[in-house]
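If you want the building blocks of each chain, they are given just below.
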Amino acid sequence: MKSNIISWSMRNFRIAFLIVGCLFAFGIYGLVHIPKQEFPEYTIRQGVVVGVYPGATSEEVEQQLAKPLEQFLMTYKEVKRSKTTSTSQNGMCYVMVELEDHVNDKDEVWSKIKHGLAAFKSQLPPGVAAVVTNDDFGDTSALLITLESDTRSYRELKGYMDDLSDRLRRIESVSNLRPYGVQQEQISVYVDHARLAAYGIGEKVLSAALAAQGLTPLGGSVSNAETETPIHIAPSLAGEREVAEQIVWSDPEGHVLRVKDVARVVREYDDPDSYILNNGHRCVLLSMEMQAGNNIVEYGREVDEVLHTFIEEELPADVRVQRIADQAKVVGDSVHSFLRDLFVAMAIIILVMMLLFPLRSAIVAAITIPLSTFISVGMMYLCGIPLNTVTLAALVVVLGMIVDNSIVVIDGYLDYLGRGHSRWFAAVESAREFFPSLLLATVCICMIFYPILFTMTGMMGDFLTWFPWTITINLMVSLLLAVMVIPFLEILIIPVVHVRRDGRRSFTDRVHDVYRRVLAWTFRHGWLTISMGIASVIVSLLIAMQLKLRMVPFADRDQFAVEIYLRPDAPLERTAAVADSVYRVLHDDARVKSVTSFVGCSSPRFQMSYAPQIAGKNYAQFIVNTTSVDDTESILDEYADAWADRFPEAYVKFKQLDYQNVPSLEFRFYGSDIDSLRAAADGLMAQMRRMPELQWVHSDYEDPRSVIDVRLDPCLLYTSDAADDRIS
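Throughout, residues of each chain are indexed from 1 in the direction in which the sequence is written. Whole-chain, interface and lining totals are the exception, using all residues; otherwise, since this is a predicted model, local features are given only for residues with pLDDT of at least 70 and side-chain atom pairs are given and counted only at 80 or more. Heavy atoms from the whole structure form the basis of all side-chain values; hydrogens and water molecules are not counted.

S.K.: So what's going on with the overall build of the protein chain? Which residues, and what values?
M.R.: In this description a helix means any DSSP run of H or I spanning at least four residues, a strand means any run of E spanning at least two, and both kinds are numbered starting from the N terminus. When helices and strands are tallied, the protein chain shows 26 helices and 19 strands. Atoms counted for the radius of gyration: C-alpha only. Globule rule: 2.2 Å times the number of residues to the power 0.38. For the protein chain, whose C-alpha radius of gyration is 36 Å, the value lies well above the compact-globule estimate of 27 Å for 728 residues. For the protein chain, buried positions account for 40% of its 728 residues. Pairs of residues are marked as contacts when any of their non-hydrogen atoms sit within 4.5 Å. Counting only contacts in the protein chain whose residues sit at least 6 apart along the sequence, the fraction spanning at least 24 positions is 76%. What sets the accessible areas is the Shrake-Rupley method with a 1.4 Å probe; for residues, cover comes only from the shown protein chains. Accessible area of the protein chain: about 40,600 Å², with a carbon and sulfur share of 58%. Exposure classes here rest on a 1.4 Å probe applied to the protein chains alone. A residue is buried below 20% of its type maximum, exposed above 50%, and partly exposed in between.

S.K.: Any chance you could break down a negative patch on the surface for me, citing the residues and the numbers?
M.R.: On the surface, Asp-556, Asp-630, Glu-633, Asp-637 and Asp-641 cluster together into a negatively charged patch. Along the chain, the position of Asp-637 falls in helix α23 (residues 629-644). Patch membership is restricted to residues that have no salt bridge and whose relative accessible area is over 30%. Joining uses 9 Å for like charges and 5 Å for the nonpolar side chains Val, Leu, Ile, Met, Phe, Trp and Tyr. When a carboxyl oxygen of Asp or Glu lies within 4 Å of a side-chain nitrogen of Lys or Arg, that pair is called a salt bridge. Here the positive residues are Lys and Arg and the negative ones are Asp and Glu; neither His nor the chain ends is included. The location of each charge is read from NZ of Lys, CZ of Arg, CG of Asp or CD of Glu.

S.K.: Break down the sheet that holds strand β4 (residues 130-134) for me, with residues and values.
M.R.: Any two strands with at least two DSSP bridges between them are considered paired. Taking strand neighbours across the sheet as the criterion, the four strands line up as β2-β3-β1-β4 in an open arrangement whose pairing is antiparallel. Two strands in the sheet have a free side with no partner beyond their single neighbour: β2 (85-89) and β4. In this sheet, neighbouring strand axes are inclined to one another by 15 degrees on average, regardless of whether the strands run parallel or antiparallel. The pairing of β2 with strand β3 (residues 92-98) spans five bridges and is classified as antiparallel. Looking at the pairing, Thr-85 lines up with Met-96 of β3. Here the axes come from fitting lines to C-alpha atoms, over the contacting stretch only for helices, and the angles between their N-to-C directions go from 0 to 180 degrees. Against the sheet, helix α4 (residues 106-120) touches β1 (46-52), β3 and β4, its axis set at about 175 degrees to β4.

S.K.: Run through the environment of Phe-606, naming residues and quoting values.
M.R.: Along the polypeptide, Phe-606 turns up in the loop between β17 (592-599) and β18 (619-626). Taking relative accessible area as the criterion, Phe-606 reaches 2% and is therefore assigned buried. Leaving out residues up to four positions away in the same chain, Phe-606 has contacts with Thr-140, Ser-141, Leu-144, Ala-325, Gln-327, Gln-559, Gln-621, Ile-623 and Leu-657.

S.K.: Break down the packing of aromatic side chains for me, with residues and values.
M.R.: Any two of the Phe, Tyr and Trp rings considered here, Trp counted by its six-membered ring, make a pair once their centres fall within 6.5 Å; the pair's planes then place it as stacked at under 30 degrees, edge-to-face at over 60, or tilted in between. Inspection of every chain in the model, using the stated rule, returns 17 aromatic pairs. Ring plane angle 70 degrees and centroid distance 5.3 Å describe the contact between Phe-24 and Phe-374, whose orientation is recorded as edge-to-face. Of this pair, Phe-24 sits in helix α2 (residues 13-33) while Phe-374 sits in helix α12 (residues 359-383); the two residues are 350 residues apart in sequence, bridging distant segments of the chain. Both rings, one in Phe-72 and one in Phe-120, keep their centres 4.6 Å apart while their planes meet at 15 degrees; by these two values the pair is stacked. In this pair, Phe-72 sits in helix α3 (residues 58-73) while Phe-120 sits in helix α4, placing the two residues 48 residues apart along the sequence. Note on accessibility: Phe-72 and Phe-120 belong to one class, buried. Charge over a ring is defined by NZ of Lys or CZ of Arg lying within 6 Å of the ring centre and within 35 degrees of the ring normal. If you follow Arg-264 out to its NZ or CZ, it ends over the ring of Tyr-190, 4.5 Å from the centre. The ring of Tyr-154 is capped by Arg-282, whose NZ or CZ atom sits 5.5 Å from the centre of that ring.

S.K.: Talk me through the pairing of strand β13 (residues 275-278); I want residue IDs and the actual numbers.
M.R.: Of the pairings in the sheet, the one linking β13 to β17 comprises four bridges and is antiparallel in character. When the bridges of β17 are listed, Leu-277 appears paired with Ser-597. Taken together, the two bridges between β13 and strand β14 (residues 281-290) define a ladder with antiparallel strand orientation. Following the sheet pairing, Asn-278 is matched in β14 by His-281. Linking two consecutive strands that pair antiparallel, namely β13 and β14, is a turn of two residues; a positive phi of about 55 degrees is found at Asn-279 within it.

S.K.: Tell me about the packing of helix α14 (residues 404-418) against helix α19 (residues 486-493), and name the residues and values.
M.R.: Each pair of packed helices can be described by the angle between their axes along with the distance between the axes. Interhelical geometry of α14 versus α19 gives an angle of 50 degrees and a closest axis separation of 10 Å. Classified by the interaxial angle, the pair formed by α14 and α19 is oblique. Once α14 is placed against α19, the crossing between them reads as right-handed. Facing α14, whose interface residues are Ser-406, Val-409, Ile-410 and Tyr-413, α19 presents Ile-486, Glu-490 and Ile-491. Only Asp, Glu, Lys and Arg are considered charged in this grouping, and only Ala, Val, Leu, Ile, Met, Phe, Trp, Tyr, Cys and Pro are considered nonpolar; every other residue, Gly among them, is considered polar. When grouped by side-chain class, the residues that make up the contact of α14 with α19 number five nonpolar, one polar and one charged. Should an angle fall under 35 degrees it is called roughly parallel, over 145 degrees roughly antiparallel, and 65 to 115 degrees roughly perpendicular, with every other angle called oblique. Definitions for this section: a left-handed crossing has its near helix turned counterclockwise from the far helix by less than a right angle. A right-handed crossing has that turn clockwise.

S.K.: An account of the pattern of salt bridges is requested, with residue identities and associated values reported.
M.R.: Under the criterion given, the structure shown has 33 salt bridges. Glu-313 is the salt-bridge partner of Arg-167, the closest N and O atoms lying 3.6 Å from each other. In this pair, Arg-167 sits in helix α5 (residues 154-168) while Glu-313 sits in helix α10 (residues 296-313), placing the two residues 146 residues apart along the sequence. Among the residues examined, Arg-167 registers a relative accessible area of 15% and is labelled buried. Classification of Glu-313 as exposed rests on a relative accessible area of 54%. Close ionic contact of Asp-273 with Lys-617 constitutes a salt bridge, the shortest N to O distance being 3.5 Å. Taken together, the residues span a long stretch of sequence, with Asp-273 in the loop between β12 (263-269) and β13 and Lys-617 in the loop between β17 and β18 at a distance of 344 residues. For Lys-617, a relative accessible area of 42% corresponds to the partly exposed category.

S.K.: Can you break down the state of the cysteines residue by residue, with the values?
M.R.: In this description, the term disulfide denotes a pair of cysteine sulfurs within 2.5 Å. Per the counting criterion, the structure on display carries zero disulfides. Cys-444 carries a free sulfur, and the closest cysteine sulfur to it, the one in Cys-446, is 9.2 Å from it. Here Cys-444 falls in the partly exposed class, since its relative accessible area comes to 42%. We classify Cys-446 as buried; its relative accessible area is 1%.

S.K.: Could you give an account of α10, with specific residues and numbers?
M.R.: Here, expected helix span is obtained from the residue count minus one, scaled by 1.5 Å. Taking 1.5 Å of rise per residue, 18 residues should cover 26 Å, and α10 covers 26 Å from first to last C-alpha, within 8% of that figure. Among all positions in α10, only Ile-296, Val-297, Tyr-299, Gly-300, Val-303, Val-306, Leu-307 and Phe-310 are buried. Those residues of α10 that are buried are in contact with β5 (143-148), α5, β6 (174-180), β14, β15 (320-326) and α11 (327-356). Here a polar contact means two N or O atoms within 3.5 Å. Within protein one must be a hydrogen donor candidate and the other an acceptor candidate, and residues neighboring in sequence count only if both atoms are side-chain atoms. Of the residues that open α10, the one with a side-chain oxygen 3.0 Å from the backbone nitrogen of Val-297 is Asn-295.

S.K.: Can you break down a nonpolar patch on the surface residue by residue, with the values?
M.R.: On the surface, Val-344, Ile-348, Val-352, Leu-355, Leu-356, Phe-507 and Val-511 cluster together into a nonpolar patch covering about 590 Å² of accessible area. Looking at the nonpolar patch, the elements with two or more residues in it are α11 and α20 (507-524). Per element, the largest residue contribution to the nonpolar patch is five residues, and it comes from α11. Note on placement: Ile-348 falls in helix α11.

What follows is the structure in structure tokens.
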């Protein structure tokens, strides 16, 4: 039956070649249009629940808010208890929640948790202002774009960003557009207390007058038999001039007192809690996300067109646009790298086979590589398998395997020709004879990779889902090509076996002679051969134990991140000073192209496996772009250890982007006495800090912070004269 199919494909080679040609062309089409991503889509099963309890101490927050929240969250079977932790601070707590690995629809689970928390809030103390849940940790920015200018205000920059956002929303594949770093303007009223006292009025009178005029009442509508017309009442306080002219007091004689008579009114920006700088310049940042299932390379081209038009038509010369993170470029470079490796592999196979086979045989085997690869990409496109880091790695892994089936068939063909059989018989019989062995070997190789679908759970299991399927498609396509297409190519390209008549021996003959002698020696010394085999296994295991183990390699990027941590009570000004010192060193380095500073805040997730930290005034982060991948590694090697503890009150972490979120070593201490827990943790940290392999050893128990503790005397508080004095 198999020989009949092989014979049919050879007799009807035009049909077979037409099918293969169409599949090859479809593979090229699929390579262009297949969904491309940097990483596979996987479920991030983490979230954070934030409880706000103004005025409460950290102990009160822990007892009255954090513990009840933890106990409530533990009632959900989808919550992984061993990975759920809480951190209590003055007036606030964070509960880091992780879901079980078997949870696939995390949105459904978080929806249940949010509804439950909304009802549970009524059981918390009345002083709890809010309980907020954030589960959008998996939203990754495809592009980060900055608009920077030293001459334009934040209001003007936001106007340009809104205009750009409106243009970008017309791209169908655009998902979310999120602004960062925008500072809001405000109208500030600076009261002159001496003047207020002279007029005999207090601040409450002034505040009440402004509050009343600041409200926009409902207008209602006017109706008649034919129409209904809405009434719109314009706001009375449209700007700082209207605020300054506002009357706050009048007497029967017509004298009035305006805000400008007792206060100074200015439009300004408040002291920021956080801000973003790009290369030291004021900027706002736009985070762009892509809808799932789209081609990110095409997405990047469409964004380029919009940006080019926007810069030419709308943007003034003193406002600059820069990309600081670009997944489209990363994925495009990966695809180009894969195509380069594909052609390099073809050249290497031809060169190697020329040593062992005639040139014509090498050409037939090499043809298998592009045919199998592009047809496989077409099959992936049909099956909805995207092109990303994992599937590209699978295609690269099997580059050397897909030619094996063809080499076996070609070798059998040459053997039959050498024994005097016709080309037709040799082509058909070699494919028929070796097909069962090739099928068994191919299936075994494919099955080797499927256990990872069961042994890997959680995020890593989602990450590797398409890896074995990509390998299976590619190897099965190469098997079909070896038995359906290669036989006719053998007849077409390898018409006859040339036998050397000059008596010279080929390189292949010499290899065969060496192999026969070695094989004969192993049979004569059987026990020694077995002992050497066992010894080689033992030595290999010993060497393997000394190797550094990683699931996936570091990301080859011309980009890295810097994270700066200060004491929790550090003001923003001190964080900014440390960040500025680090920025100046990086900015003066010729290998650095740009530095984007996030002071008091963290960046959006610009890489799937990079999770920004929960920000605060004591935290800063940089996104640093370099001139090359090699420069990135050299900068990290030069600065990482030298700057880690450069500042006595800060820790500076230079972080290479990674394809896996490597967890830190974590040790938990359980008990009811916090002082004993802290003493045990301090003892362990002291021992671990002596280990040179560890870089940053710390605990989540913060050092004591200074607070102002106000205690009211109830006796004095309710004395009428004293109460009037204190309340006024």
